[in-house]
Amino acid sequence: MEQGEAASSPAAEAKAGKEEEDDFGYRLFPDRNKKPQSFLARSLFTFHNRCQLMLRMTLETNPYAQLLLEAMKQSGCTVFNDRHFSCENCDGCVSGGFDSATSQIVLCQNNIRHQSHMNRVVTHELIHAFDHCRAHVDWFKNVKHLACSEIRAANLSGDCTLMNEIARFKFGLKGHRQTCVRDRAIRSILAVRKVSRETAEKAVDEVFDACFNDLEPFGRIPHSKADAKRAYRDFQNRDRYNANL
């Protein structure tokens, strides 16, 4: 503590801690700080049951998720369903989040209602988890790091496919994908950080080209489920080839 600085009271420190925590978006995930429900209570809760079933379907059948799980395993970050995924209630319109403090993906069971939505959310958050595994990401102090991962997640998860954009009544030709990725990255930053829109836009724009073109571990932009299957097959073949060298 510097000289001349008044000591803060425990209440003030608690309030400051709460405000600091809010800066990181934890306010959107209120169940993070609650005592876990009993197995019986969770089993009887329809949202939780549905979330767990859709998650299992995604992990077992979705090529986007399967490729990311394999890539993380090879990077030394094996993902376990019970340990690294948590179905919880969330505030607002958020669908999921990656809690780097616990290396856990939060799935918003009250906001994810369809299997296709679950597929995108799991893929989006697994990309954050993959970035957390392979790089020294400073999620809390470096907004450019956050911006880069949000750009990659929007670009590679299927968030900005043509069909999804049409469903949102957004149409465009040249450069439309880049516009979608940029907009969704900015929105994600604003949802979890108390920064100005100008700050979020500046961070995204400064890293956009490099992060938009970082296609690991897919090696391409998977424009469809069929494309993701090809990427997954190529990923497996690449590793078999490297193993034989």
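These numbers were taken from a predicted model, which means no experiment stands behind them.

A. Region of interest: the pattern of salt bridges. On inspection of all chains with the given rule, the structure shows eleven salt bridges. Between Asp-234 and Arg-220 there is a salt bridge, with the nearest N and O atoms lying 2.1 Å from each other. Here Arg-220 lies in the loop between α10 (197-212) and α11 (225-244) and Asp-234 lies in helix α11, a separation of 14 residues in the sequence. Under the relative-accessibility criterion, Asp-234 is labelled partly exposed at 37%. When the shortest N-O distance is used, the salt bridge between Asp-227 and Arg-230 registers 3.5 Å. Remark: Arg-230 and Asp-227 occur in helix α11; sequence separation between them is three residues, near one turn of the helix. Because the salt bridges share partners, they merge into one network encompassing Asp-131, Arg-134, Arg-152 and Asp-214.

B. Molecular detail of the state of the cysteines. In this structure the tally under the stated criterion is five disulfides. Disulfide pairing is shown between Cys-77 and Cys-133; the S-S distance is 2.1 Å. Disulfide Cys-77-Cys-133: torsion about the S-S bond near 90°, hence right-handed. Pair noted here: Cys-77 is in the loop between α4 (63-74) and α5 (81-84) and Cys-133 is in helix α6 (residues 115-134), with a separation of 56 residues, a long-range link. Here the protein chain pairs its bonded cysteines, counted in sequence order, in the arrangement 1-3, 2-6, 4-5, 7-10, 8-9.

C. The arrangement of helix α3 (residues 46-61) in detail. Taking 1.5 Å of rise per residue, the 16 residues of α3 would be expected to cover 22 Å, and the 22 Å separating its terminal C-alpha atoms lies within 8% of that figure. For α3, the full list of buried residues reads His-48, Cys-51, Met-54, Leu-55, Thr-58 and Leu-59. Burial along α3 is one-sided: seen end-on, the buried residues are contained in an arc of 135°. Turned more than 90 degrees from where α3 packs its buried face, Thr-46, Leu-53 and Glu-60 sit exposed.

D. Seen up close, the side chain of Gln-109. One can find Gln-109 in the loop between β3 (104-108) and α6. By relative accessible area, which is 3% here, Gln-109 ends up buried. Within the local environment of Gln-109, its side chain forms a polar contact with the side chain of His-48, the two groups lying 3.1 Å apart. Within the structure, Gln-109 has its side chain in polar contact with the side chain of Asn-89 (distance 3.3 Å).

E. The arrangement of the pairing of β3 in detail. Among the five residues that make up β3, five are buried, leaving the element largely enclosed by the rest of the structure. Both faces of β3 are covered, namely the face carrying Gln-104, Val-106 and Cys-108 and the face carrying Ile-105 and Leu-107. In the sheet, strand β1 (residues 85-88) pairs with β3 via four bridges, with the strands oriented parallel. In the sheet register, Ser-86 faces β3, and the bridge partner there is Val-106. The hairpin formed by strand β2 (residues 96-99) and β3 contains four residues between the paired strands, and Ser-103 there has a positive phi angle of roughly 50°.

Cut-offs used in this document
- Residues numbered from 1 in each chain as written.
- Predicted model: local features only at pLDDT ≥ 70, side-chain atom pairs only at ≥ 80, totals over all residues.
- Heavy atoms only, no water.
- Salt bridge = Lys/Arg side-chain N within 4 Å of Asp/Glu carboxyl O.
- Helix = DSSP H or I, 4+ residues; strand = E, 2+ residues; numbered from the N terminus.
- Buried < 20%, exposed > 50% of the residue type's maximum accessible area, 1.4 Å probe, protein only.
- Disulfide = S-S within 2.5 Å.
- Expected span 1.5 Å × (residues − 1).
- Arc of directions from axis to C-beta.
- Polar contact = N/O pair within 3.5 Å; in protein donor to acceptor, adjacent residues only side chain to side chain.
- Pairing = 2+ DSSP bridges.

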